[in-house]
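Chain by chain, the residues run as shown.
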Amino acid sequence: MNTETGKTALITGASSGIGQELAKLFAQDGYNLVLVARSDDKLDRLGEVFKSNYGTQQVTVIGKDLSTEDAAQDVYNQVKAKGITVDVLVNDAGVGLYGLFATDTDWEREKAMIHLNVLTLTQMTKLFLYDMLSRNEGKILNLASLLSIAPSPLMAVYAGTKAYVYNFTQSLINELKDTNVTITALLPNATDTDFFNKAGAENTKVTDEVQDPVMVAQAGYDALMAGKHKIVPGGFKNKSYEILSYVAPQEAVASMMRNKMEQKPDPVAEKDDSSIAWEIGIGIAVVAGIALGLAYAKSDAIDRAKYRYKAKSLADTLSDTLSSVADNVVSSVLDTYKTTKAKARELTNRAEEEVEEVEAIA
Ligand SMILES: NC(=O)c1ccc[n+]([C@@H]2O[C@H](COP(=O)([O-])OP(=O)(O)OC[C@H]3O[C@@H](n4cnc5c(N)ncnc54)[C@H](OP(=O)(O)O)[C@@H]3O)[C@@H](O)[C@H]2O)c1
């Protein structure tokens, strides 16, 4: 369905994975394409497929190592020299690197990763955003990650680069709010691409449960087209990870991520996951319980009724979230799941008791 004939999307990292799937969606919608990555042979072949399958009018291939100095400026200059107007910019190209920061990982690779994931993405955005603003029209999609909001031992620098991408994108959303230019952050959970192999993380537990890059690209594409600020593809489970990352103590999130990033298989360690899950739950319950308790103590009779209701909802939500987390991390051990649920129930009582204690004092 050629709905956007004549418009151009520039996609970095279009030679594989999520970027390739995104390029396909633009091609299907009738966009002309500028495809950027190092593997220009792959991009050439992809361009031919798009022309024959979807009647794509114009495909421009730019073979470029985007981890090098001023790579973004060079891409921009090439696009300008060809007289192409970029209507949509997709900053997808990115790499990860696995290992302990102090002793395992190589600084040169880390530097190149920071250059690609952070510097090039920022400069690409700066150059093309300026032109979009002068036309007061355009869209940008930045590939962040669920790791953008979760400290991730063993992928510490990668997670740091993605935290930057997310934070940077959120700031620009505000700066652009009175314009017709939109910017969207895509935050996928682990996805079935070559990413983990290239990062040296192919045998980690996090790769046990990966999502489909076609689904991720479609969710990102739809959010971009709708001008949404961010999208976490993958439904309720990933949404609960997102919420957990916001509300749980960062140390607890880091422990959970450390566990997921460890090498597999390790059935004994998997049992330990349940305790991490409910420790996080305790953290949330205690913090939320204290906050509710304090608010309760200062409130009048009507508000107290509201707080009692909130405490009950908190306890119910907590029970559900813990069940979901436990479900995910301890999927093979049903009895551990039951234990976790029982502990969630304990927490329910604890949260309610806290409110009652404050009530007794007040
Ligand atoms: N897979 C996941 O679990 C996951 C989860 C969250 C976020 N993400 C993010 O999604 C994006 C795409 O990753 P993916 O999973 O689709 O991985 P992928 O299949 O490995 O794709 C990475 C793309 O980036 C390009 N690229 C890598 N280094 C480059 C460089 N120096 N210069 C130019 N292009 C370069 C690659 O092309 P060439 O090799 O041809 O250069 C390829 O097209 C990344 O930003 C990643 O951080 C991935």
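Description of the structure in this document.

How each quantity is defined
Residues numbered from 1 in each chain as written. Predicted model: local features only at pLDDT ≥ 70, side-chain atom pairs only at ≥ 80, totals over all residues. Heavy atoms only, no water. Axes fitted to C-alpha atoms, helices over the stretch in contact; angles between N-to-C directions. Helix = DSSP H or I, 4+ residues; strand = E, 2+ residues; numbered from the N terminus. Parallel < 35°, antiparallel > 145°, perpendicular 65-115°, else oblique. Left-handed = near helix turned anticlockwise from the far one by under 90°. Contact = heavy atoms within 4.5 Å. Nonpolar A, V, L, I, M, F, W, Y, C, P; charged D, E, K, R; others polar. Buried < 20%, exposed > 50% of the residue type's maximum accessible area, 1.4 Å probe, protein only. Pairing = 2+ DSSP bridges. Right-handed = clockwise from strand over helix to strand, strands pointing away. Near = heavy atom within 4 Å. Polar contact = N/O pair within 3.5 Å; in protein donor to acceptor, adjacent residues only side chain to side chain. Areas by Shrake-Rupley, 256 points an atom, 1.4 Å probe, with all protein chains shown as cover.

Structural notes on the packing of helix α1 (residues 17–28) against helix α2 (residues 40–54)
The interhelical angle for the contact between α1 and α2, taken along N-to-C directions, is 30 degrees, at an axis separation of 10 Å. With respect to each other, α1 and α2 are oriented roughly parallel. Considering how the two elements wind past one another, α1 and α2 form a crossing that is right-handed. Counted together, Q20, A23, K24, A27 and Q28 of α1 and L46, F50 and Y54 of α2 form the full contact between these two elements. Across the contact of α1 with α2, the residue classes tally to five nonpolar, two polar and one charged.

What about the pairing of strand β6 (residues 181–186)?
Here β6 lies mainly inside the structure; five of its six residues are buried. Two strands pair when backbone bridges link them, and strand β5 (residues 138–143) and β6 are joined in this way by six bridges, in the parallel orientation. Bridge pairing links L143 to L186 in β6. Read from β5 through helix α5 (residues 156–175) to β6, the crossover connection turns out right-handed. One ladder, built from two bridges, connects β6 with strand β7 (residues 230–231); its direction is parallel. Residue pairing across strands places L186 opposite I231, the latter belonging to β7.

Observations concerning the sheet that holds strand β2 (residues 32–37)
Pairing between the strands of a sheet is mediated by backbone hydrogen bonds and can be parallel or antiparallel. The strand order across the open sheet formed by seven strands is β3-β2-β1-β4-β5-β6-β7, and the pairing between neighbours is parallel. Since the sheet does not close on itself, it has two edges, and those belong to β3 (59–63) and β7, each with one partner. Running over the sheet, α5 touches β5, β6 and β7 and is turned about 155 degrees from β6.

Observations regarding the site of the ligand
For the ligand, the set of nearby residues contains 32 residues, the closest of which are S39, D92, Y158, T193 and K198. The separation between an oxygen atom of the ligand and a polar main-chain atom of G13 is 3.0 Å. Within the side chain of K162, an N or O atom sits 2.9 Å from an oxygen atom of the ligand. If the ligand stood free it would expose 880 Å²; the protein chains cover 97% of that surface. Where the shell around the ligand is concerned, the elements lending two or more residues are α1, α5 and α6 (195–199). Here the element with the most residues in the shell around the ligand is α6; it accounts for three residues. Of the residues contributing to the shell around the ligand, the split by class is 14 nonpolar, eleven polar and seven charged.

Shape descriptors only; they carry no functional weight alone.
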